[in-house]
Amino acid sequence: MALFVAGAAFFWILFFSSLIIEVKRREVVVALVLSLPFALAAISTEAFIWYGLGPLAALIWLIYLAKRTYGSLLKGILFVLSTLWLHVLMLVAVDVLTGGVLTRAYDLGLNPLQRWNIPIITLADAVALLVAAEVVKGLFRLWPSKPRAGSQTLRTTIKE
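Residues numbered from 1 in each chain as written. Predicted model: local features only at pLDDT ≥ 70, side-chain atom pairs only at ≥ 80, totals over all residues. Heavy atoms only, no water.

(A) Inspection of the pattern of salt bridges at higher detail. Enumeration according to the criterion identifies 2 salt bridges in this entry. Between Arg26 and Glu27 there is a salt bridge, and its shortest N-O distance comes to 3.0 Å. Taking the relative accessible area as the measure of exposure, Arg26 reaches 37% and is therefore partly exposed. Lys137 is the salt-bridge partner of Glu134, the closest N and O atoms lying 3.5 Å from each other. Residue Glu134 and its partner Lys137 are both found in helix α6 (residues 117-142); the two are separated by 3 residues, about one turn of the helix. A residue is classified by how much of its surface remains accessible, and Lys137, at 17% relative accessible area, is buried. (Salt bridge = Lys/Arg side-chain N within 4 Å of Asp/Glu carboxyl O. Buried < 20%, exposed > 50% of the residue type's maximum accessible area, 1.4 Å probe, protein only. Helix = DSSP H or I, 4+ residues; strand = E, 2+ residues; numbered from the N terminus.)

What follows is the structure in structure tokens.
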């Protein structure tokens, strides 16, 4: 079961990373390293702390990627957190509209022996995350950005 959770964490981190930047070998290696604590946490009771620290490390990695993409730490934090919150709100809306199908699937958990709930959870999660990221990217395009040094803006063109 721990390897299943680690695999799910690996693919989720890799998928979220691909929504921010073009994934290369480095991102795959980092996603693998960030998902390993979920597999190692099942070895002993003392290692359960990795279930809490693993998502925190993944969050820091995603904020770092978004910071590199959008140019500032504030925009990186806003991108990751707003994408996650919009993702959760979309999942809640889908759950309400379907009469609680996602709630029943999540109640069963990510048990590989249950066959119907895992595709529902992964499909809903992936689609909601993709749509949320695209919406937040669209909102970020509307964010006014200050011109970079050396770039020509309309004002400098008019003054000349």
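(B) Structural context of a nonpolar patch on the surface. Residues Leu73, Ile77, Leu81, Trp85, Val88, Val92 and Val96 make up a contiguous nonpolar surface patch of about 650 Å² in total accessible area. Here Leu73 shows up in helix α4 (residues 73-97). (Patch = residues over 30% accessible without salt bridge, like charges linked within 9 Å, V, L, I, M, F, W, Y side chains within 5 Å. Areas by Shrake-Rupley, 256 points an atom, 1.4 Å probe, with all protein chains shown as cover.)

(C) View of the packing of aromatic side chains. This structure, assessed with the given rule, holds 6 aromatic pairs. Ring geometry for Tyr70 against Phe140: centres 5.0 Å apart, planes inclined by 75 degrees, an arrangement best described as edge-to-face. With a gap of 70 residues between them, Tyr70 in helix α3 (residues 50-70) and Phe140 in helix α6 connect regions that are remote in the sequence. On the basis of relative accessibility, which here comes to 13%, the residue Phe140 falls in the buried class. (Phe/Tyr/Trp six-rings, centres within 6.5 Å; stacked < 30°, edge-to-face > 60°.)

(D) Representation of the packing of helix α2 (residues 25-40) against α3 in the model. Where α2 contacts α3, the axes come no closer than 7 Å and their chain directions differ by 160 degrees. Put simply, α2 runs roughly antiparallel to α3. At the point where α2 passes α3, the crossing takes the left-handed sense. Of the residues in α3, those in contact with Arg26, Glu27, Val30, Leu34, Pro37 and Phe38 of α2 are Trp50, Tyr51, Gly54, Pro55, Ala57, Ala58, Trp61, Tyr64, Leu65 and Arg68. When its residues are assigned to classes, the contact of α2 with α3 shows 12 nonpolar, 1 polar and 3 charged. (Axes fitted to C-alpha atoms, helices over the stretch in contact; angles between N-to-C directions. Parallel < 35°, antiparallel > 145°, perpendicular 65-115°, else oblique. Left-handed = near helix turned anticlockwise from the far one by under 90°. Contact = heavy atoms within 4.5 Å. Nonpolar A, V, L, I, M, F, W, Y, C, P; charged D, E, K, R; others polar.)

(E) Inspection of the confidence of the model for the protein chain at higher detail. Residues at a pLDDT of 70 or more form 88% of the protein chain, whose mean pLDDT is 84. Confidence scores differ between elements of the protein chain, with helix α7 (residues 154-159) showing the lowest mean pLDDT of 50 and α4 the highest of 94. (pLDDT = per-residue confidence, 0-100.)

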